[in-house]
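Given next are the chains, with one letter for each unit.
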Amino acid sequence: MPATQLNLNQIFKQYIERKSIFRNKESLTDHYMPDHILHREREIKQIAETLAPSLRGEKTSNMFLFGTVGTGKSVSMKYVASELEKASENVRILYVNCKMKKVSDTEYRLLAELTRKLGLFVPPTGLPTDHIYNMFFNALDSRKQSVILVLDEIDVLIEKAGDEILYNLTRINQELKNAKLSIIGISNNTTFMNDIDPRVKSSLSEEEIIFSPYNANQLKDILGERALDAFNENVLEEGVLSKCSALAAQEHGDARRALDLLRIAGEIAERSGALKIGTEYIDMAEERLDMDRVEEIVKSQPRQSQSVLSAIIKLTEDGHQNIQTGDVFVYYEKICRQCAIRPLTQRRISDLVAELDMLGVINARVISRGRYGRTREITIPSNKAITGRIKKILQERSLF
DNA sequence: GTCAATTCACATGAAAGAGACCACGGTCTAGTG
DNA sequence: CTAGACCGTGGTCTCTTTCATGTGAATTGACGA
């Protein structure tokens, strides 16, 4: 038996025998539906009141839910939706997350998905769009019912497929004989409303609900409740929840982030064989999340931008202080020559540096140094582990 | 010592060019009846 | 005969360059006390 296999068996055996600190890890993921939702009573009531007429078969107002990530928009909506469906057989909720690639790309795909949800078979491609419109329409109008269409992350849909589809959907009501259709858009981007057709805009936002970020205390309540379900007893050390919620509150009150922190802290603790989660694991989790985020960004950057980043890291490692755009450009040109990349102009590099700053991969601030000109002063965040990770990614692409 | 003018090293804007990408209509081709 | 492959065309979008203008404090140099 090869040595590696033996080791694996040991690992598995240990894994089974070890007492897990998780009871139900699911409840820390963002698709988990809690039994009741904390600190969103007002919003839930408002949604429910807006949608209640559907129980009597009346048309409800179209509605828009706004709020930054992790403020409970989707959960609240789903909660009301499921309660509504329980309350009446004539109410149907079609929930679509437009971020899912297979749904959001085109008008056709969205309609196909919706029609499928109404129980019809639709081929993934091949039918003309107006044909599928008819299918959707007929399926909708086949019986007396209130259909509530929830478009989560609706901004993604508009960006890719245009606002025409919304216009068509809002008009469909005028032709329906039996059914009623109302549309609910959910978005974390408040500005995208500006560049959609005003007719669509006014008909969609008959009702608007803003979800404000949670504060640290509210986050703590939410975490506390989920943690009760997620972990076995006496696993969490004192102060862990407070720390988690404080960190997440700094990041615009993002509950998803708070849950991620807690879950990853748990995973790290479990893997290292700990029986309890202390605050130090939260720190580790935060670093992990940061690292993953930066890694994701760096990987997805175009080659030119990666070269710029490489130049900045090289300059820093060579011990340069007060790195300026001009320095970066010189190093960048060198790298381009080595890697046979056509160098861009300094003008463009200036923009790329600004972009990297925006993404939080580097810090760059514009300073004026009097006689010695105006430039950006560039530094990289002093986290060795993350910088190391970035270097490795750049090396894999032979840019370092 | 004071104050306005000068200077540096880019930042920032606007406009135009290059190239990738996509929808759309027309043509061709192979398979079917 | 028709569905699907293939191809050219025009339009759109994104990235980049070119040209032009803006920026803010250290420095400079004239001027007056």
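Residues numbered from 1 in each chain as written. Chains lettered and ligands numbered in written order. Predicted model: local features only at pLDDT ≥ 70, side-chain atom pairs only at ≥ 80, totals over all residues. Heavy atoms only, no water.

> Would you mind going over the overall build of chain A in detail, with residue names and values included?
A tally of regular secondary structure across chain A gives 17 helices and eight strands. For chain A, buried positions account for 46% of its 400 residues. Sequence separation of at least 24 residues holds for 70% of the intrachain contacts in chain A that already meet a minimum separation of 6. (Helix = DSSP H or I, 4+ residues; strand = E, 2+ residues; numbered from the N terminus. Buried < 20%, exposed > 50% of the residue type's maximum accessible area, 1.4 Å probe, protein only. Contact = heavy atoms within 4.5 Å.)

> Describe the sheet that holds strand S8 (residues 374–379), listing the residues and the values that go with them.
Pairing within the open sheet is antiparallel, and its three strands lie in the order S6-S8-S7. Looking at strand neighbours, the two that pair on one side only are strand S6 (323–324) and strand S7 (363–368), the edges of this open sheet. Pairing analysis gives six bridges linking S7 to S8, with the strands arranged antiparallel. Its bridge partner lying in S8, arginine 365 is registered against glutamate 377. (Pairing = 2+ DSSP bridges.)

> Tell me about the sheet that holds strand S2 (residues 91–97), and name the residues and values.
In spatial order, the strands read S2-S3-S4-S1-S5; together these five strands make up an open sheet with parallel pairing. Of all strands in the sheet, those with a lone pairing partner are S2 and strand S5 (207–211), marking the two edges. Direction aside, neighbouring strands of the sheet carry axes that sit 15° apart on average. Pairing of strand S1 (residues 63–67) with strand S4 (residues 180–187), which is carried by four bridges, proceeds in the parallel orientation. Counterpart to methionine 63 in the pairing with S4 is isoleucine 184. Helix H2 (residues 41–51) rests against S1, strand S3 (146–152), S4 and S5 of the sheet, and its axis sits at about 165° to S5. Of the strands in this sheet, S1, S2, S3, S4 and S5 touch helix H3 (residues 73–87), which is tilted by about 155° from S2. (Axes fitted to C-alpha atoms, helices over the stretch in contact; angles between N-to-C directions.)

> If you had to explain the state of the cysteines to someone new, which residues and values would you point to?
For the coordinates displayed, the defined rule picks out zero disulfides. Here cysteine 336 stays free of any disulfide, with the sulfur of cysteine 339 as its closest cysteine sulfur at 7.4 Å. (Disulfide = S-S within 2.5 Å.)

> Can you tell me about the packing of helix H11 (residues 240–250) against helix H12 (residues 255–271), naming the residues and giving the values?
For the pair H11 and H12, interaxial distance at closest approach is 8 Å and the crossing angle is 140°. Judged on the interaxial angle alone, H12 and H11 are oblique. The hand of the H11/H12 crossing is right-handed. When H11 is examined against H12, the residues Val240, Leu241, Cys244, Leu247 and Ala248 are found in contact with a partner set consisting of Ala258, Leu261 and Leu262. Of the residues that constitute the contact of H11 with H12, the class distribution is eight nonpolar, no polar and no charged. (Parallel < 35°, antiparallel > 145°, perpendicular 65-115°, else oblique. Left-handed = near helix turned anticlockwise from the far one by under 90°. Nonpolar A, V, L, I, M, F, W, Y, C, P; charged D, E, K, R; others polar.)

> Which residues make up the pairing of S4, and what are the values?
With respect to burial, S4 is a largely interior element, seven of its eight residues being buried. Here seven bridges tie S3 to S4, and the two strands are oriented parallel to one another. Bridge assignment links leucine 149 to a residue of S4, and that residue is isoleucine 183.

> Describe a nonpolar patch on the surface, and please don't skip the residues or the numbers.
A surface patch of nonpolar side chains, about 300 Å² in accessible area, is lined by Leu8, Ile11 and Phe12. Within the element layout of this structure, isoleucine 11 appears in helix H1 (residues 3–17). On the basis of relative accessibility, which here comes to 47%, the residue isoleucine 11 falls in the partly exposed class. (Patch = residues over 30% accessible without salt bridge, like charges linked within 9 Å, V, L, I, M, F, W, Y side chains within 5 Å. Areas by Shrake-Rupley, 256 points an atom, 1.4 Å probe, with all protein chains shown as cover. Salt bridge = Lys/Arg side-chain N within 4 Å of Asp/Glu carboxyl O.)

> Give a detailed account of the packing of aromatic side chains, specifying residues and quantitative values.
Counted according to the given criterion, the structure contains three aromatic pairs. When the ring of phenylalanine 22 is compared with that of phenylalanine 231, the centres are 5.2 Å apart and the planes differ by 20°; the resulting orientation is stacked. Remark: phenylalanine 231 occurs in the loop between helix H10 (216–230) and H11 and phenylalanine 22 occurs in the loop between H1 and H2; sequence separation between them is 209 residues. Judged by its relative accessible area of 3%, phenylalanine 231 is buried. (Phe/Tyr/Trp six-rings, centres within 6.5 Å; stacked < 30°, edge-to-face > 60°.)

> Provide a residue-level description of the domain arrangement of chain A, including the pertinent values.
The domain architecture assigned to chain A consists of domain 1 (19–29 + 214–297), domain 2 (41–211) and domain 3 (301–396). In this assembly, six residues from domain 1 lie in contact with five residues from domain 2. If you look at where domain 1 meets domain 2, you find two residue pairs in polar contact (both at pLDDT 80 or more). Its residues assigned to classes, the side of domain 1 that touches domain 2 comprises two nonpolar, two polar and two charged. (Domains from an automatic or database assignment. Polar contact = N/O pair within 3.5 Å; in protein donor to acceptor, adjacent residues only side chain to side chain.)

> How would you explain the environment of lysine 117 if you had to name every residue and give the values?
Here lysine 117 is to be found in helix H5 (residues 107–117). For lysine 117, a relative accessible area of 34% translates into the label partly exposed. Sequence separation between lysine 117 and glutamate 41 is 76 residues; the distance between their C-alpha atoms is 29 Å. Excluding residues that lie within four positions of it along the chain, lysine 117 makes contacts with Arg92, Leu94, Tyr95 and Val96.

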